Amino acid sequence: MLQVAFIREHRDEVIERLQQRNMDASQMIDNVITLDEQRRKLQTQLDNTLAESNTIAKEIGNLYKSGKASEANALKEKGAQLKEDSKGLEDQLNRKAEELTELLYQIPNIPHHTVPAGNTDEDNEEVFKEGDIPKLHANAKPHWELVKELDIIDFELGNKITGAGFPVYKGKGAKLQRALIAYFLDKNTAAGYNEVQVPHLVNEASGFGTGQLPDKEGQMYHATNVEPSLYLIPTGEVPATNIYRDDILSLSQLPQQLTTYTPCFRVEAGSYGADVRGLNRLHQFDKVEILRVEHPEQSYKAFEGMIEHVKDILRELKLPYRILRLCGGDLGFAAALTYDFEVFSTAQDRWLEISSVSNFETFQSNRLKLRFRNQDGKTQLCHTLNGSSLALPRVLAGIIENYQTEDGIQIPEVLIPYTGFDKI
RNA sequence: GGAGAAAUGGCAGAGUGGUCGAAUGCGGCAGUCUUGAAAACUGUUGAGGGUCACACCUCCGGGGGUUCGAAUCCCUCUUUCUCCGCCA
């Protein structure tokens, strides 16, 4: 969420930069400024009332001590009246503050100045491309056919147990999946990310902290038969980032680098057609995530570092990929800048998104109250970043499709030590 | 699941109705001393709101209550610890 003080001081700039998202925020921004003014006015009134009430309470204490009970009793009435006043003011203040917060929740992050204009994914800007697209044999097939023939991923079985979008990985398919997870985690920890295992259900405060709530309420599975209700995580980002909620880090604690492997659960309502075939879109999938908490001056350098890291993994896997800089219209609610990685699937003849690296700047940390103590000893909001390294199903799809041969699927060399076999 | 105890600033730990945003110690920061460091000494050191800056307000696990006044009393929830039971 954007900082009110920033909005107040940079009204025109905020409106102008949000236009990059194809939204006219002027009305919202002006409402924020008005609500904030009203809020502060009420706060002052309340403070003054409480100050008076405090003074009287002290006086009464002194009067009792000096034995002037009757005078003290006279003052009590006034104190009671002030208390009543303060309650009324407090109610008004809370309502106003809530209204302001709700409005702020609806305003997305300000795009980074490099974010290109545009409405849809067609307007995303390709910034990098690497790797050879393999020439497949004549009988090459998409992964959903291959995995069925080889009996390594069973969609129908998952459908029986749970429903569509919850596949069962079997035999070498399961092993390959596990190999990828181990390989990703090893790469990430070698690069300095600390491995953590986190809960797969989170409370409401965590959902708000990273910005999934209230924006993506409908996208998350929600367990409501427990009190308080819990959400199944749509990404490891949510629990991992919330590790830092309400923290004040020292300069020496920055940067923080985490990596975590988690399943991810997404409702994905309204999806249909070829986009969602096979592994392309699931309700449950695995992902290894990398996450950083950075000094604001370092965050874009860190962003580049994360991009290079993901590149390195894809190079090792020898998968052809490209990097897109998301346009304003495609940029996620909380992100200031996002680069998507896409692997080319030869058999499907299309690009599959396998990673998304974002800098949220202070958007998440403002909600999280994640701060650090700067050189002047003042608290200041950190920048948060995260990215997938990587999302499993589409990497799996990319490997299965691009590495297919007439007599089975070759395993990428770097994975063989993890799988223990070189062909499926 | 049962019984008991507890939750205070970065940490430890005082504080049972007004003089408490809170003793003291440790840690942190700054200074003195030193060639430099350590030690010692001196000062300083929670967060948020508000203000040009002060003033002022809020916060002692969360929420609610009693009172003119709550860290302190009451209710409730959560968490932690000890003992017992059960269990992957």
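The structure displayed is predicted, hence computed values, not measured ones.

Colleague: Would you mind going over the overall build of chain A in detail, with residue names and values included?
Modeller: Looking only at helices and strands, one finds 13 helices and 18 strands in chain A. Expressed as lengths along the three principal axes of its C-alpha atoms, the size of chain A is roughly 100 × 45 × 45 Å. When burial is assessed residue by residue, chain A has 49% of its 424 residues classed as buried. Across chain A, the centroid of the 47 positively charged side chains sits 4 Å from that of the 63 negatively charged ones.

Colleague: Tell me about helix α4 (residues 69-105), residues and numbers included.
Modeller: Over its 37 residues, α4 runs 52 Å from end to end, which matches the ideal 54 Å to within 8%, given 1.5 Å per residue. Taken together, the buried positions of α4 are A72, L75, G79, L82, S86, L89, L93, K96, L100, L103, L104 and Y105. As for α4, its buried residues are in contact with α1 (4-9), α3 (26-65), α8 (204-210) and α11 (363-368).

Colleague: Outline the protein's contact with RNA strand B, supporting the account with residue identities and numerical values.
Modeller: Near RNA strand B lie 17 residues; those nearest to it are D47, N54, A57, R373 and T379. Within the side chain of R40, a nitrogen or oxygen atom sits 3.1 Å from a phosphate oxygen of RNA strand B. Between R371 and RNA strand B, the recorded distance is 3.2 Å, taken from a side-chain N or O atom to a sugar or linking oxygen. No other element matches α3, which puts 11 residues into the surface near RNA strand B.

Colleague: How would you summarise the pattern of salt bridges if you had to cite specific residues and measurements?
Modeller: Summed over the entire model, instances satisfying the criterion amount to 22 salt bridges. A salt bridge links E13 to R17; its shortest N-O distance comes to 3.2 Å. With E13 and R17 both in helix α2 (residues 11-18), this residue pair falls 4 residues apart, about one helical turn. On the accessibility criterion, E13 (33% relative accessible area) is partly exposed. You can call R17 partly exposed: its relative accessible area is 28%. A salt bridge links D151 to K170; the nearest nitrogen and oxygen atoms lie 3.0 Å apart. Here the residue D151 occupies a position in the loop between α5 (143-150) and β2 (153-154), and K170 occupies one in the loop between β3 (168-169) and α7 (171-190), the gap between them amounting to 19 residues. Judged by relative accessible area, D151 falls into the partly exposed class, the value being 40%. Residues joined in a network through salt bridges with shared partners are R8, D36, R39 and R40.

Conventions adopted
- Residues numbered from 1 in each chain as written.
- Chains lettered and ligands numbered in written order.
- Predicted model: local features only at pLDDT ≥ 70, side-chain atom pairs only at ≥ 80, totals over all residues.
- Heavy atoms only, no water.
- Helix = DSSP H or I, 4+ residues; strand = E, 2+ residues; numbered from the N terminus.
- Buried < 20%, exposed > 50% of the residue type's maximum accessible area, 1.4 Å probe, protein only.
- Lys, Arg positive; Asp, Glu negative; His and termini not counted.
- Charge placed at Lys NZ, Arg CZ, Asp CG, Glu CD.
- Expected span 1.5 Å × (residues − 1).
- Contact = heavy atoms within 4.5 Å.
- Near = heavy atom within 4 Å.
- Polar contact = N/O pair within 3.5 Å; in protein donor to acceptor, adjacent residues only side chain to side chain.
- Salt bridge = Lys/Arg side-chain N within 4 Å of Asp/Glu carboxyl O.

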